[in-house]
Amino acid sequence: MTTITAGEIPTARGTMAWLESGAGWPLILLHAFPLNAAMWRPQLARVPDGWRFIAPHLRGFGTTPLGDQPPSMDTYAADVGALMDALSLDTAVIAGLSMGGYVAFAMYRAAPARLAGLVLADTRPQADTPDGRAGRAAMRELLARDGPRAVAAQMLPKLLSGGAGPALVELVRRMIESARPDGIDAAIVAMMARPDSTPDLGRISCATLVVAGDQDAITPPAEAQAMQAVISRSRLTLVEDGGHLANLEQPDAFSRILADFLLARL
Ligand code: MLT
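Notes on the structure follow. (Residues numbered from 1 in each chain as written. Predicted model: local features only at pLDDT ≥ 70, side-chain atom pairs only at ≥ 80, totals over all residues. Heavy atoms only, no water.)

**Some points on helix H2 (residues 73-86)**
Three- or four-residue spacings in an α-helix give side chains the same orientation, since the helix completes a turn every 3.6 residues.
For step 1, the next point in the chain: For H2, with 14 residues, the first-to-last C-alpha span of 20 Å sits near the 20 Å given by 1.5 Å per residue.
For step 2, the next point in the chain: Looking only at H2, the buried set comprises Met73, Thr75, Tyr76, Ala77, Asp79, Val80, Gly81, Ala82, Leu83 and Met84.
For step 3, the next point in the chain: The distance from a side-chain oxygen at the start of H2 to the backbone nitrogen of Asp74 is 3.2 Å, and the residue carrying that oxygen is Ser72.
For step 4, the next point in the chain: With its phi angle positive at about 60°, Ser88 sits one or two positions after the end of H2. (Helix = DSSP H or I, 4+ residues; strand = E, 2+ residues; numbered from the N terminus. Expected span 1.5 Å × (residues − 1). Buried < 20%, exposed > 50% of the residue type's maximum accessible area, 1.4 Å probe, protein only. Polar contact = N/O pair within 3.5 Å; in protein donor to acceptor, adjacent residues only side chain to side chain.)

What follows is the structure in structure tokens.
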């Protein structure tokens, strides 16, 4: 049985907390909004031999403090780089799901040589559209008025497919409801301001897996296909009956797709 441990370390940029399992080549798993590293527990429990999976709580989520400066995607990316320094990891495969993918793009821009590979899960390279920004502004108001519970109620139908069971819906609801309101708000602002990563896609030279739930309502498979088509050393795999949080909804299939990609690279 795989043991999942929790870590916390002072870095050059503040304390970072994370979950990890396994030993060997490092893979860093970056979580979605407004969740935390615990969303990667199914993958941490299925770590392939020879790999070490590390899932940080991005600042303001889980047990990583928010800090005093408003974060941007570059801030989250620099925090992950500082965690890699603190753990003496020069390079790692970086995997991001949705907002985690936005952070992965920022890491690629900042230090492409540190990425030994890239996994883009249920994410998109584009910046927010004007409509998207208006929706985020409305979510900030909802959060200020009614708290994380209301955010969870609004987001849940889009995060999971209609086939998700009640236990999984509850798990995700509890994860969102337990998030710090100021951490959620800071991430909304950071996502609204994130740059367009589309021009970077053609420059990505590391082996890349694009993976998405075939029922993803937030970043539909067509977007994953379009993104994969312009990344040179990439492959695309769709997760059957998977919604936006495909790793939680189809943990076996998602973990197998991830392991196939990682083991093929060794
Ligand atoms: C996520 O799952 O991280 C969010 O759906 C990302 C977003 O709202 O753009």
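**Concerning unusual backbone geometry**
For step 1, the next point in the chain: Between Phe33 and the following residue, Pro34, the backbone shows a cis peptide bond with an omega angle of -10°.
For step 2, the next point in the chain: With respect to the helices and strands, the residue Pro34 is situated in the loop between strand E3 (25-30) and helix H1 (41-44).
For step 3, the next point in the chain: Backbone geometry at Ser88 places phi at a positive 60°, although glycine is not the residue there.
For step 4, the next point in the chain: Tracing the backbone through its elements, the reader meets Ser88 in the loop between H2 and strand E5 (92-97).
For step 5, the next point in the chain: Unusually for a residue other than glycine, Asp122 sits at a positive phi of about 45°.
For step 6, the next point in the chain: Tracing the backbone through its elements, the reader meets Asp122 in the loop between strand E6 (115-121) and helix H4 (130-146).
For step 7, the next point in the chain: Taking relative accessible area as the criterion, Asp122 reaches 1% and is therefore assigned buried.

Just distances and angles here, no functional claims.
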